[in-house]
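# Structure at a glance
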Protein chains: 2
Amino acid sequence: MTEPLSTGATIGILGGGQLGRMLSVAASRLGFRTHIFEPGANPPAGDVAHVVTTAAYEDEVALRAFANGVDIITYEFENIPTSALDILEALKPARPDRVALRVSQDRLVEKAFLTDLGLKTAPFAAIDDAVDLAEAMAEIGLPAILKTRRFGYDGKGQARINTPDHAEQALADMAGAPAIFEGFVDFSHEVSVIAARNAAGEVACYDPGENVHRDGILHTTTIPARLTASQRTDAVLLAAKILNKLNYIGVMGVELFVTPKGLIVNEIAPRVHNSGHWTQQGCAVDQFEQHIRAVAGWPLGDGSRYTDVVMENLIGDDMDRVPELAAEANTSLHLYGKSQAKPGRKMGHVNRVTRGGSHK
Amino acid sequence: MTEPLSTGATIGILGGGQLGRMLSVAASRLGFRTHIFEPGANPPAGDVAHVVTTAAYEDEVALRAFANGVDIITYEFENIPTSALDILEALKPARPDRVALRVSQDRLVEKAFLTDLGLKTAPFAAIDDAVDLAEAMAEIGLPAILKTRRFGYDGKGQARINTPDHAEQALADMAGAPAIFEGFVDFSHEVSVIAARNAAGEVACYDPGENVHRDGILHTTTIPARLTASQRTDAVLLAAKILNKLNYIGVMGVELFVTPKGLIVNEIAPRVHNSGHWTQQGCAVDQFEQHIRAVAGWPLGDGSRYTDVVMENLIGDDMDRVPELAAEANTSLHLYGKSQAKPGRKMGHVNRVTRGGSHK
């Protein structure tokens, strides 16, 4: 596809969670329809999509029908089975493409890609067994984190090793899955850059946000982040380097550790990112629309920021706070329409505008 | 209904145009689903609604099924047949209620309501025939506008009378419908107040915007409007007076003429309003969400403005400008997904943020 998608076209989205939901809303703003493909019933994105297909990623018939019914395909999460992509990509363009997925689906491949690009990461080693782990502990040192190479998110599939006697349990936690050992990084705080690149090779980055996690899940993102001018420049150039190397099309989240020795890449996510939700307030074009623009072959929008924002995730029981949050000044509430507020489940977020308000 | 609607509840919306579309998106932000009732096929709101009913307002079975499938009912336009409301209101709360509809569906009733409230309007007279018209011309004078009392919008059902010899054609243009004669108002510009009131009686108003029309259709709304501090106060108090008198629940657009002798009410619209589209940029809570909050029994959100905005409507062939508009700085594009760009048809709008951007 070289022509930009026209109003009325349909964008297929793999995954029907809150990211698919907000992508769907952004697509509507540009006059597009969306078709959600999601194995789970009643997905949050289904409330605002034109069509929903409820089927497994192994359902070849459903995948083909989905691809035939859309103009292009994108996704809200990176763990799409390769077998599904094989079927889909034969029928319609998928953006970002499988190169980005391949890199980000495997933490080891991702780290190797980043270091090949001259970027700094935590020291790492591939771990298949106790021997590998013993060697890594000796070479890289402790504390460290053992992570499954694939399918980990929000702190799942991770085990911390503070002392050698944690090693056995950590390895057991991996349940036999190939793992990666990541050495300790002495960072002061974490920031992330939400970057976008379109088919024409244009790159745009939002102002970096500063992330605070709680129980392994993003708690708040504050914009602007605490960064020196040169760190800010480094962060943006580094993100652009990653997107350009991958010939990436879409929005990517790049998580960075801020250390006295410079920025260290924690991980990349080839999709819209929780730490970019703040862009819904205070930018003419938010990350969701930026992603849709990129995958639709449109020019990127203006992501300039015209206010400070603090984004706070609403997790599980935080939903009990909705009545008071709804009445708060300078606060935009975003709920995902999920029926059950389980512990650790992302139920919504708020964006608090922290500057401006001269006309209150 | 006294309890606020909970996440997952369904809001029924009568009308599936762009206002219903943007209401549906706003409802999703608060975790609600929407069900659109619309006679026309493939309505714009259908792209982002959970359920769409395609049926006529005379279809009692469809109306009943719709009402039974939703928690509350609201609408995107004021010309809902009373017979449909009779059926719907017996089953579920409709907000705003029929009092507001009755007042705004008939220009004569509206003008009488406003003057009874002590507010200024253009001089007016009821016109049923040529005798009424001759009397009105003699008493109120020319130039003037003859309008159908009901079902007029965007300059439709209106005829200007500059000299007495226009009278016959103007009356013929009414096609026998009851009409209203409106005298000339010497105004410098038009502003509108987007006001909201909820079930608890809270009232909130957005900053007034200044409207420019072209060919009888809103062309731009600029915020802030040119108003003195006392005019601004008058505008807001006057809008609040109207909403309170009607025990109104929801968002209302109040159009005002600015004259040397004060503010004159042009008309009221018991719904979200084209001149309030600018609130999508630069406010924590936009007019669509404010309406959903009000009808859902929620507290009103903070509509404080933190940037200047110019909204421009995209009408008909303006769609040809989308490629350039999409690449403009500081510009948010909102397209309605309508397939045919007919002359005079509202296809979308842009919001241009005109202040701020300190981080470009």
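Residues numbered from 1 in each chain as written. Chains lettered and ligands numbered in written order. Predicted model: local features only at pLDDT ≥ 70, side-chain atom pairs only at ≥ 80, totals over all residues. Heavy atoms only, no water.

As recorded by an unreviewed UniProt entry, chain A carries the name N5-carboxyaminoimidazole ribonucleotide synthase and is attributed to Roseovarius litorisediminis. Checking UniProt for chain A, the heading Subunit (unreviewed entry) contains the comment "Homodimer." In UniProt, chain A has this text filed under Sequence similarities (unreviewed entry): "Belongs to the PurK/PurT family." (UniProt positions renumbered as here; feature names shortened; annotations may be inferred.)

## Considerations on the overall build of chain A
Within chain A, the regular secondary structure consists of 10 helices and 17 strands. Computed over C-alpha atoms, the radius of gyration of chain A comes to 20 Å, within 12% of the 21 Å expected from 2.2 N^0.38 for 360 residues, which places it in the range of a compact globule. In terms of principal-axis extent, the alpha carbons of chain A reach across some 60 × 55 × 40 Å. Looking at chain A as a whole, 59% of its 360 residues qualify as buried. When the accessible surface of chain A is summed, it comes to about 13700 Å², and 51% of that surface belongs to carbon and sulfur atoms. Within chain A, one finds 34 positive and 44 negative side-chain charges whose respective centroids are separated by 5 Å. (Helix = DSSP H or I, 4+ residues; strand = E, 2+ residues; numbered from the N terminus. Rg over C-alpha atoms; globule rule 2.2 N^0.38 Å. Buried < 20%, exposed > 50% of the residue type's maximum accessible area, 1.4 Å probe, protein only. Areas by Shrake-Rupley, 256 points an atom, 1.4 Å probe, with all protein chains shown as cover. Lys, Arg positive; Asp, Glu negative; His and termini not counted. Charge placed at Lys NZ, Arg CZ, Asp CG, Glu CD.)

## What about the interface of chain B and chain A?
Each side of the interface is counted separately: chain B has 53 residues, and chain A has 52 residues. Summed over both partners, the interface of chain B with chain A buries about 3900 Å², with 52% contributed by carbon and sulfur atoms. Seen at the junction of chain B and chain A, the total is two salt bridges. Residue Arg33 of chain B pairs with Asp47 of chain A through a salt bridge whose shortest N-O separation is 2.9 Å. Joining chain B to chain A, the criterion identifies 14 residue pairs in polar contact (both at pLDDT 80 or more). Among the elements of the structure, helix H1 (18-29), helix H9 (287-295), helix H10 (322-326) and strand E16 (331-335) of chain B are those that each provide at least two residues to the side of chain B that touches chain A. The biggest single contributor to the side of chain B that touches chain A is E16 of chain B, with five residues. Here the side of chain B that touches chain A is built from residues that sort into 21 nonpolar, 19 polar and 13 charged. (Contact = heavy atoms within 4.5 Å. Buried area = accessible area lost by both parts, 1.4 Å probe. Salt bridge = Lys/Arg side-chain N within 4 Å of Asp/Glu carboxyl O. Polar contact = N/O pair within 3.5 Å; in protein donor to acceptor, adjacent residues only side chain to side chain. Nonpolar A, V, L, I, M, F, W, Y, C, P; charged D, E, K, R; others polar.)

## Things to note about the relation of the copies chain B and chain A
Take chain B, turn it by 180°, move it 0.0 Å along the axis, and it overlays chain A with an RMSD of 0.0 Å. Put plainly, the chains are arranged around a two-fold axis. Minimal C-alpha separation from the rotation axis in chain B is found for Val48 of chain B, amounting to 2.0 Å. (Least-squares fit on C-alpha atoms with pLDDT ≥ 70 in both.)

## As for the pattern of salt bridges
All names here are of chain A. Applying the stated rule across the entire model yields 42 salt bridges over all chains. The salt bridge involving Arg352 is made with Glu312; its shortest N-O contact spans 2.9 Å. Residue Arg352 is located in strand E17 (residues 346-353), and its partner Glu312 is located in strand E15 (residues 309-315); the two are separated by 40 residues in the primary sequence. A relative accessible area of 10% places Glu312 in the buried class. Note that Arg321 and Asp318 form a salt bridge whose closest N and O atoms lie 3.5 Å from each other. One continuous salt-bridge network, built from bridges that share partners, spans Glu312, Asp318, Arg321, Glu328 and Arg352.

## Side note on the sheet that holds strand E3 (residues 51-54) of chain B
All names here are of chain B. Pairing within the open sheet is parallel, and its four strands lie in the order E3-E2-E1-E4. The strands lining the two open edges of the sheet, one partner per strand, are E3 and strand E4 (72-75). Recorded for the sheet is a direction-independent mean angle of 25° between the axes of neighbouring strands. Pairing analysis gives five bridges linking strand E1 (residues 10-14) to strand E2 (residues 33-38), with the strands arranged parallel. Counterpart to Ile13 in the pairing with E2 is Ile36. (Pairing = 2+ DSSP bridges. Axes fitted to C-alpha atoms, helices over the stretch in contact; angles between N-to-C directions.)

## Some details on the sheet that holds strand E4 (residues 72-75) of chain A
Residues and elements named next belong to chain A. Read across the open sheet, the four strands follow the order E3-E2-E1-E4; overall the sheet is parallel. The sheet is open, and its two borders are formed by strand E3 (51-54) and E4, each paired with just one other strand. Strand-to-strand twist of the sheet, defined as the mean angle between neighbouring strand axes without regard to direction, takes the value 25°. Pairing between strand E1 (residues 10-14) and E4: four bridges, direction parallel. If you follow Ile11 over to E4, its bridge partner there is Ile72.

## A closer look at the domain arrangement of chain A
Accessible area lost on assembly of the parts is the figure often given for the size of an interface. Residues and elements named next belong to chain A. Its domain assignment divides chain A into domain 1 (10-94), domain 2 (123-183) and domain 3 (189-353). Contact with domain 3 buries surface across domain 1, with Gln18, Met22 and Leu30 losing the most and accounting together for 30% of the total. Here domain 1 and domain 3 share three salt bridges between them. Our enumeration of links across domain 1 and domain 3 arrives at six residue pairs in polar contact (both at pLDDT 80 or more). (Domains from an automatic or database assignment.)

## Observations regarding the packing of aromatic side chains
Per the counting criterion, the structure on display carries 13 aromatic pairs over all chains. The interplanar angle of 70° and the centroid separation of 5.6 Å between the aromatic rings of Phe32 of chain B and Trp298 of chain B together place this pair among those described as edge-to-face. A residue pair is termed long-range when its members are at least 10 positions apart, and Phe32 of chain B in the loop between H1 and E2 and Trp298 of chain B in the loop between H9 and strand E15 (309-315) qualify at 266 residues. Comparing Phe32 of chain B with Trp298 of chain B, the two get one shared label, buried. On the basis of an interplanar angle of 85° and a centroid distance of 6.1 Å, the ring pair of Tyr206 of chain B and Trp278 of chain B is categorised as edge-to-face. Of this pair, Tyr206 of chain B sits in the loop between strand E10 (203-205) and strand E11 (209-214) while Trp278 of chain B sits in the loop between strand E14 (262-269) and H9, and the two are 72 residues apart along the sequence. Looking at Tyr206 of chain B, the relative accessible area reads 3%, which means it is buried. Three or more aromatic residues link up through ring pairs in this structure, and these residues are Phe37, Tyr57, Phe66 and Phe77 of chain A. (Phe/Tyr/Trp six-rings, centres within 6.5 Å; stacked < 30°, edge-to-face > 60°.)

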